[in-house]
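A closer look at the structure
One letter stands for each residue in the lines below.
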Amino acid sequence: MNETFQWQQQLLQQALSNVKDYETRALIEACATSILELQKRQTQAEGRLDGIMWNHEEW
């Protein structure tokens, strides 16, 4: 997990600790889930790009 994603997760956790109403809490949790999914997809894309760079048949 890179620094940006860690920072975003920490920020969202801080926001969750200050929130009382359900709607805002649900929104923040959805944002945290989306960020985790984005991180996963970025890692997958980086891996695919690395694989393509090493496989001369897909150039």
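See the structure above.
Rules used throughout
- Residues numbered from 1 in each chain as written.
- Predicted model: local features only at pLDDT ≥ 70, side-chain atom pairs only at ≥ 80, totals over all residues.
- Heavy atoms only, no water.
- Helix = DSSP H or I, 4+ residues; strand = E, 2+ residues; numbered from the N terminus.
- Rg over C-alpha atoms; globule rule 2.2 N^0.38 Å.
- Areas by Shrake-Rupley, 256 points an atom, 1.4 Å probe, with all protein chains shown as cover.
- Lys, Arg positive; Asp, Glu negative; His and termini not counted.
- Charge placed at Lys NZ, Arg CZ, Asp CG, Glu CD.
- Core = buried A, V, L, I, M, F, W, Y, C linked by side-chain atoms within 4.5 Å.
- Buried < 20%, exposed > 50% of the residue type's maximum accessible area, 1.4 Å probe, protein only.
- Contact = heavy atoms within 4.5 Å.
- Expected span 1.5 Å × (residues − 1).
- Salt bridge = Lys/Arg side-chain N within 4 Å of Asp/Glu carboxyl O.

**Brief notes about the overall build of the protein chain**
Helix and strand content of the protein chain: 2 helices and 0 strands. For 59 residues, the compact-globule estimate of 2.2 N^0.38 gives 10 Å, and the protein chain exceeds it by more than 25% at 17 Å. With the model as given, the accessible surface of the protein chain reaches about 5100 Å², and the carbon-plus-sulfur share is 57%. The average position of the 5 basic charges and that of the 9 acidic charges among the side chains of the protein chain differ by 8 Å.

**Examining the nonpolar core**
Phe5, Leu12, Leu16, Val19, Ile28, Ala32 and Ile35 form the largest nonpolar core, which has 7 residues in total. For this core, the secondary structure elements donating two or more residues are helix H1 (3-18) and helix H2 (22-54). Filtering out sequence-adjacent residues up to four positions away, Val19 remains in contact with Thr24, Arg25 and Ile28.

**Concerning H2**
Between its first and last C-alpha, H2 extends 48 Å over 33 residues, near the 48 Å set by a 1.5 Å rise per residue. When H2 is considered as a whole, its buried residues turn out to be Ile28, Ala32, Ile35 and Gln39. Turning to H2, the residues buried within the fold contact H1.

**Quick look at the pattern of salt bridges**
Tallying each qualifying case throughout the model produces 2 salt bridges. Residues Arg41 and Glu37 are paired through a salt bridge, measuring 3.2 Å at the closest nitrogen-oxygen approach. Residue Arg41 and its partner Glu37 are both found in helix H2; the two are separated by 4 residues, about one turn of the helix. What you see here is one network of salt bridges that share partners, running through Glu37, Lys40 and Arg41.

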